[in-house]
Structures are given as structure tokens and as C-alpha cells.
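The chain contents come next:
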Amino acid sequence: MGRHWSDQRRRSAMSPTQPRFGKEMVVALLLLALGALLRFGGLGLHGLWLDEATTLQFVSHDAQGCLHAEVNNPPLHRMLLWGWVRLVGPESDALVRLPDAILGLLACLVSWCLAMRVLPPKAALIALGLLALNPYQVLLSQEVRPYSLLLLLSSLGFLLHLRTLVGDRRIASSVALLLVLVAGLHSHYQFAWVALAVGLHRLCFLARSWRAGAKGLGAPRVGSEALRLLWPLAGAVLLFSPWLWTALSGLSSQHRGYTTDLLGRVVSLPFMLLLGESGVVRQYPETHGQAALGQLWIVMPFALCIAPLLVLGTRSLWRFGGEARFLMMAAVGPVVGLSLLFHWLPLFTARYLSFLSPVLCVLLAASVTAHGERRAGRWTGRLTGLAPRAALVVLFALQVVSLGRYHLDPRFGREDWRGAASWVKARERQGDLLLFDHGYVQIPFDRYHHGPASRWGVPGDATRRRALFAELRAAPPARVFLLLSHNWDRGRETFDVLSEVMCLQESRIFRRSNGIEAHLFERCPGRAR
């Protein structure tokens, strides 16, 4: 087969004699600088939320304890953070988040290089802009979680796979692919989809080579080609095998209470990957498990823009063939696979699929090339060229709105444990009791407050919970701070029990993210039983 159209455009645009290459490089550097500003600015604006604080607690152990601190996530990000915290200390929220911000920025750079392989240079810049300004990726880059590392390694894995498939035959490049695959599998279990896509693509390539050799078309020896293509994958699986049993244990322990609303998750996935949670108004309190889709002036323009962009982008990438088709199938595979497995493994969340953001940005940017095969001067060609550009302008504007909400609107951001701790600290007395709706909710609270009050977590076991409620009814403390977050049913039950025997003196609702409720109860002799 001859070179496809995108390869010709890309190689001609990147030629040393091409004068516009310098301008495109300047634009790319400006977009990367803007992405750096968004990721590094305000790193400590929001306090650590539950998952971040839990991760930071894991790295407080020694190296051996940190390595085996949890089974739900592989250890690479944890161990990197362990070394960083030993260097800078755990006190500053901004400093502990800095490595993830750097990883998120590097992911933008690698994703741009990936886009340059399948798109013309100007379209690749659009893909870079969509990712650099992506509010969801900005949020994930400002979290002490492994998602920025997953994004970087998945993009780098795709890029090295395509480079070593037919062009770069150097052993160093194959070794680099092996290291990326090993690191990816040890960074997040969802990277297995990347490894699976790479493996299937290489097997299909070998099958085509085998057929070509059988027909006498002068294909390279299939045996040596199979060894060259498959040894990085085999090596990655072998090196990951010591952690495989732990990975299976982690997957089997996933929570089964969120196996509803699969259709809503699938439909909202492009919205989340491009605009994030701050693209909608989440007015807490709201119905548990439901995210309000905010004002129609945000949702409707997005829906009207994303549909033609996806259609035109899919059409363009499919016609490009080869590498572009691989990226499309690599993005579709995890969505379909997690949908089919959702009843047994409820892992279909935007966070777990955030590594697909670069491919989605490439798909949307490809829509501007859909008019390339139309005859100039025809009104259909002009309309086809104008429509995706207008839709992309609207999409960029919605991203700016979402970024503004994330940084400026108090209804967005992470759970405000810093604010909740300050509220309790200003009212706390000696002998008070702090009661949390679950023991693990105490972890982010304790990062910002170390007062003298005793701390209890409401047990998840019904028998132990009834025993706790009986003790509170029989001998209520003088003062109780009740902090609710994440476990609303259990928290409301506890609230009702305290209301029976104590007087509610003061309440405060912290509306960000999942929300936090802080209630202060004092003993009322007239209500004691």
C-alpha cells in the first residue's frame, strides 16, 4: 500500500525546508506554556481530598510498607511519591502535587508528538490545544493520584509502538517500549488496555506479513519479525507477573455498589473527558450518585458541537488508515470492554478512562481535515470546512468556562477538608467527640487538624453500629462534632440518633465535590434518655 494522505502531509510539513514549521513550533511551545501555567498555578488552591490524603498516608510508611500498602493500585506512582515526600516533606499540598503536574505537562508534549504522526501539523496543534486546556486533565494533574502518570505512559506507549512497528528497528527503541509497558502496568491496572491494543495490533501486522510472504511478495522473514515485534510485550508480561496475583486480588475486591447507570456513564464520558466536573453545576446536596448536568447553556452547545466533530473526525481518521485506525480502535476497546464487564467489575469511570483523552483530542482535531477531499468552491466543501472549525471554537470556549469555574467558583474543586478542619478547630473544646460517618473519612480531616478531641468512626457493620448508637443514647457526650461525607445513608442515621438525645447547635455545609457536612451537637438534659 502507498503512503496514506496524512503521512504525506505530515512529512512534508515537517521537512527542514518547510518555513511554517517554525511558526507551528512556536505555537506548540505557547500552548505547552499555557498548559504549564494551568497545571502549576494554584496547586495548593484546594486542599487534599479523600483519595489524595489516603495516598499520602500510604507513603508515610517505610519503603516495604508503602510497596504493599494497597492492592487497588499498582505501586509505581506510590513509590515515586514515597521518594519525593522523603525529599521535600509531606506538609505542603502544592509540593506533594508537583510531580503529578510535571507528568501531566509531559503527557501533553508526548500526545502532541503522537498527534503529529497521524494528523497534519495544524490539526495536531488543535489536538494539543484541546489537551493543554482540558479542565479534566488540569484537575487530574493537580492530584496526588496515578492518573497523570497513566496518561503519560499510555501516550508514550502508543507513540513508541507506532515508531517501532515498521520504521524504527533499533534495539534501543524496543527496549524503551518494553520499559514503558512495564512501567505502565505498574502504574495503573487500566494500562492493560494499552498493552492489549499494542499486542493485538502487532499480531495483526504479523498476520499481514505472513500472508504477504505466502504470496511471494518479498515480505521479511516472519520468524525474525515476530521476535522483533513480540519480545517487548512478552518481557513486559514476564516482569509484571510477580504483581499479577495482587492485581487480581485488587480487581476482585472492587466495590459492587455502583453497578447502575452504565448508559449515563457512557453518554457523559466525552463531556467528562473534555470539560470535567467543573463543566456542570454540582449544587450539593443532591441525590446521591447523580451528577446534575447544570445549565442547558453549557450542556446543549456541547452536545451540538461534539456530535458533528465525532462523526467528521471518525470519518477522517478511518480514511487515513494505518496508525490512525489503530488509535481509534485502541480508544474504542476500553470503552466496549469495561461496558461489557461493568456488572462484574464496575470500573467504568471517567478517571479510569482519562488516558483516552489524547486520542479523543486527536479524533476531534481530525474533523478539520474532513473537507480536504471536497472540491474547492463547492458550497458543501465550504460548509464542511466551516462547521468543525466553528464547533471547535465553541468547545474551546466551554473549556475556558470550565477552567474558570474550577479555579474561581466555590461550588467546584475538591472536598474542602481544610475548611471543615478550620471550622471544627474554631469551636473545639477539651473533651469533645469527633464522629465520622466512616473511619476512612478521618484521614483527610486529620491532615489539617490535630486537636485534642477523641475520634470515632461509625462502623459499617450493622451490629457494631447498633451498639454504638445504644451507647450514645445511654450516655451522650457533652459535645459531639458529626462530619458527614461519602456515606450519606449511614451519616443520616447517625444524625437522627444524635438528634434524639442532643441539641443541634450549629451546622455548616461545604459544598464542593462530594460535599461535607459538619454538625455540632450539645447535650440537652431534657432529651437525655
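Predicted, not measured: the structure shown is a model, and the values here were computed from it. Along each chain, residues carry numbers from 1 onward, in the same order as the chain's sequence is written. Reporting of local features is limited, given that this is a predicted model, to residues whose pLDDT is at least 70; pairs of side-chain atoms are given and counted only at 80 or more, and all residues count toward the totals for whole chains, interfaces and linings. No hydrogens and no water enter the side-chain calculation; it runs on all heavy atoms of the structure.

Colleague: Would you mind showing me how to read the sheet that holds strand β5 (residues 516–523) here?
Modeller: Sheet strands pair by backbone hydrogen bonding; their relative direction is either parallel or antiparallel. For two strands to be treated as a pair, DSSP must find no fewer than two bridges joining them. Secondary structure is summarised from DSSP: a helix means a run of H or I of at least four residues, a strand means a run of E of at least two, and numbering begins at the N terminus for each. On the basis of which strands lie adjacent, the open sheet formed by 5 strands has the order β2-β1-β3-β5-β4 and mixed pairing. With one partner strand each, in any of the chains shown, β2 (454–457) and β4 (502–510) form the two edges of the open sheet. Each neighbouring strand pair of the sheet contributes to a mean axis angle of 20°, computed without reference to strand direction. In the sheet, strand β3 (residues 479–484) pairs with β5 via 6 bridges, with the strands oriented antiparallel. Residue pairing across strands places Leu 482 opposite His 519, the latter belonging to β5. For helices, the fitted line uses only the C-alpha atoms of the stretch in contact; every axis is such a line through C-alpha atoms, and the angle between N-to-C directions lies from 0 to 180 degrees.

Colleague: Just to check I follow, could you spell out the state of the cysteines for this structure?
Modeller: Think of a disulfide as a covalent bridge from one cysteine sulfur atom to another cysteine sulfur atom. Disulfides are defined in this document as cysteine sulfur pairs within 2.5 Å. One pass over the full model with this rule turns up 1 disulfide. The residue that forms a disulfide with Cys 503 is Cys 524, at a sulfur-sulfur distance of 1.6 Å. Remark: Cys 524 occurs in the segment after β5 and Cys 503 occurs in strand β4; sequence separation between them is 21 residues. By relative accessible area, Cys 503 is classed as buried at 18%. The thiol of Cys 108 is unpaired, and the distance to the nearest cysteine sulfur, on Cys 361, comes to 8.8 Å. Categorising residues by exposure relies on relative accessible area from a 1.4 Å probe, with only protein chains included: less than 20% of the type maximum marks a residue as buried, more than 50% marks it as exposed, and the intermediate range marks it as partly exposed.

Colleague: Mind showing me how you'd approach the environment of Leu 310 here?
Modeller: Of note, Leu 310 is situated in helix α15 (residues 296–320). On the accessibility criterion, Leu 310 (25% relative accessible area) is partly exposed. As for Leu 310 and Leu 363, which are separated by 53 residues in sequence, their C-alpha atoms are 6.8 Å apart. Should any heavy atoms of two residues lie within 4.5 Å, those residues are counted as being in contact. Those residues in contact with Leu 310 that lie beyond four places of it in its chain are Leu 360, Leu 363 and Leu 364.

Colleague: Would you take a moment to explain the packing of helix α7 (residues 121–132) against helix α17 (residues 357–365) for this structure?
Modeller: Two numbers describe a pair of packed helices, the interaxial angle and the distance between the axes. For the pair α7 and α17, interaxial distance at closest approach is 8 Å and the crossing angle is 135°. Put simply, α7 runs oblique to α17. Read as a crossing pair, α7 and α17 show a hand that is right-handed. Only Ser 357, Pro 358, Cys 361, Val 362, Leu 364 and Ala 365 of α17 make contact with α7, whose side of the interface consists of Ala 123, Ile 126, Ala 127, Leu 130 and Leu 131. For this classification, Asp, Glu, Lys and Arg are treated as charged, while Ala, Val, Leu, Ile, Met, Phe, Trp, Tyr, Cys and Pro are nonpolar and the rest, including Gly, are polar. Per-class residue counts for the contact of α7 with α17 are 10 nonpolar, 1 polar and no charged. The cut-offs work like this: below 35 degrees is roughly parallel, past 145 is roughly antiparallel, 65 to 115 is roughly perpendicular, and the gaps in between are oblique. The sense of a crossing depends on the near helix, which, turned anticlockwise from the far helix by less than a right angle, makes the crossing left-handed and, turned clockwise, makes it right-handed.

Colleague: Can you help me understand the side chain of Gln 137 in this one?
Modeller: Structurally, Gln 137 can be placed in helix α8 (residues 135–141). A polar side-chain atom of Gln 137 sits 3.0 Å from a polar atom in the side chain of Ser 357. Polar contact criterion, stated in full: a pair of N or O atoms within 3.5 Å, where within protein one must be able to donate a hydrogen and the other to accept it, and residues adjacent in sequence count only if both atoms are side-chain atoms.

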